[in-house]
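Residue-level structural notes
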Amino acid sequence: IPLTMGIVLLTTLVNAVGTYLAVFHFGWGIKWAAWATVLSFLAGDCVALGWLWSHRRDFGLGEGWKVDWNDVIDLGSDGLNLAGRTGILTLSFFIITMFATRLGTTVVAAYQVALQAWLLAAYCMDGLAITATSLGGQLLGKRDYGAHRLLSRRLVNLGLGVGVSFFLFYWLAETWIQGLFTNRPAIIAQLGTTWFWLAASQPINAMAYIYDGILFGGKDFVFLRKRMMEGFLLVFLPLMLWGFLKMES
């Protein structure tokens, strides 16, 4: 847990500080803010690769190894299911941004502020999900199901605690958080229409992340792809269209 949480924290800090310096301090614009995001992921990858290299013998990579084509085929199948799951998630962000731009600059600005607040919580929760995937997969590989259940239960409790903490933080510090991003009354008013629901969704998001990580560790990629597609078609699209038509009218 300390390693994964540390990598997520490092990535978030480099991204936040780099974006602030690029946009507000040096005035380099959105291009360099994007580079700050790229560099933040590079920093996290370097830490992760350094740890993997130092523990390479623990994974049987100290010497040469023989390629098992059955493993390659299984990996390809898993990759296709993951591509479907991740593609649907990415498409959701694309669609909601596309519709937000059609509602005016105020709505787009409020959307970006809400998105950054959501991503901050998501990055922290993702650290727990990565732990569920890495350690959970290792325990399942050893057929230590009792330890896996214990790990899952503890991560669920911890994730719920993190989600509730973000809910209270966003709810109680609403004015202060929004003030970090903007001082325009129109944007703040627009944020006020959905901010409570953004805060209240954090415990649910935390549970979704934790169970996503647990399922990743168990290689239930087909299940994840199917549920993501069902959620996209049955929940996301109807709510998104309803919200867009309501605001447009």
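The structure under discussion appears in the preceding block.
The paragraphs below set out a description of the structure included in this document. (Residues numbered from 1 in each chain as written. Predicted model: local features only at pLDDT ≥ 70, side-chain atom pairs only at ≥ 80, totals over all residues. Heavy atoms only, no water.)

On to the overall build of the protein. The secondary structure content of the protein amounts to 10 helices and zero strands. Judged by the C-alpha coordinates and their principal axes, the protein covers about 60 × 45 × 35 Å. Per-residue burial over the protein gives 29% buried out of 249 residues. Look at the contacts in the protein between residues 6 or more apart in sequence, and 75% of them connect residues 24 or more apart. Total accessible area computed for the protein in this model is approximately 15800 Å², and 70% of it derives from carbon and sulfur atoms. (Helix = DSSP H or I, 4+ residues; strand = E, 2+ residues; numbered from the N terminus. Buried < 20%, exposed > 50% of the residue type's maximum accessible area, 1.4 Å probe, protein only. Contact = heavy atoms within 4.5 Å. Areas by Shrake-Rupley, 256 points an atom, 1.4 Å probe, with all protein chains shown as cover.)

Positive phi outside glycine occurs at Arg143, with the angle close to 60 degrees. Position of Arg143 among the secondary structure elements: in the loop between helix H4 (105-141) and helix H5 (145-172). Residue Arg143 is classed as exposed on the basis of its relative accessible area, which comes to 62%.

Interhelical geometry of H4 versus helix H9 (residues 202-217) gives an angle of 30 degrees and a closest axis separation of 7 Å. In terms of orientation, H4 and H9 fall into the roughly parallel class. Every pair of crossing elements has a handedness; the one defined by H4 and H9 is right-handed. Packed against H4, whose contacting residues are Trp118, Ala121, Ala122, Met125, Asp126, Leu128, Ala129, Ala132, Thr133, Gly137 and Leu140, the element H9 presents Gln202, Asn205, Ala206, Tyr209, Ile210, Gly213, Ile214, Phe216 and Gly217 at the interface. Looking at the contact of H4 with H9, its residues break down into 13 nonpolar, six polar and one charged. (Axes fitted to C-alpha atoms, helices over the stretch in contact; angles between N-to-C directions. Parallel < 35°, antiparallel > 145°, perpendicular 65-115°, else oblique. Left-handed = near helix turned anticlockwise from the far one by under 90°. Nonpolar A, V, L, I, M, F, W, Y, C, P; charged D, E, K, R; others polar.)

We now examine the pattern of salt bridges. Enumeration according to the criterion identifies two salt bridges in this entry. Its salt-bridge partner being Arg85, residue Asp212 comes within 3.1 Å of it at the nearest N-O pair. Taken as a pair, Asp212 in helix H9 and Arg85 in helix H3 (residues 69-101) lie far apart in primary sequence, 127 residues in all. Under the relative-accessibility criterion, Asp212 is labelled buried at 17%. You can call Arg85 buried: its relative accessible area is 12%. Between Glu230 and Arg227 there is a salt bridge, and its shortest N-O distance comes to 2.8 Å. With Glu230 and Arg227 both in helix H10 (residues 221-248), this residue pair falls three residues apart, about one helical turn. You can call Arg227 partly exposed: its relative accessible area is 34%. (Salt bridge = Lys/Arg side-chain N within 4 Å of Asp/Glu carboxyl O.)

For the rest of this paragraph, the subject is the environment of Gln138. Examined against the element boundaries, Gln138 turns out to sit in helix H4. Among the residues examined, Gln138 registers a relative accessible area of 43% and is labelled partly exposed. Residues Gln138 and Leu158 lie 20 residues apart in sequence; the distance between their C-alpha atoms is 20 Å.

Once that is clear, we can look at the packing of aromatic side chains. Summed over all chains, the structure comprises 12 aromatic pairs. Plain terms: the ring middles of Phe232 and Phe236 are 5.6 Å apart, the flat faces sit at 20 degrees to each other, and that makes the pair stacked. Of this pair, Phe232 and Phe236 both sit in helix H10, separated by four residues, roughly a single helical turn. Across this residue pair, the class does not change: Phe232 and Phe236 are buried. Taken together, the aromatic side chains of Phe166, Phe169, Tyr170, Trp176 and Trp195 make up a single cluster linked through ring pairs. The side chain of Arg227 reaches across the aromatic face of Phe223, ending 4.8 Å from its centre. (Phe/Tyr/Trp six-rings, centres within 6.5 Å; stacked < 30°, edge-to-face > 60°. Lys NZ or Arg CZ within 6 Å of the ring centre and 35° of its normal.)

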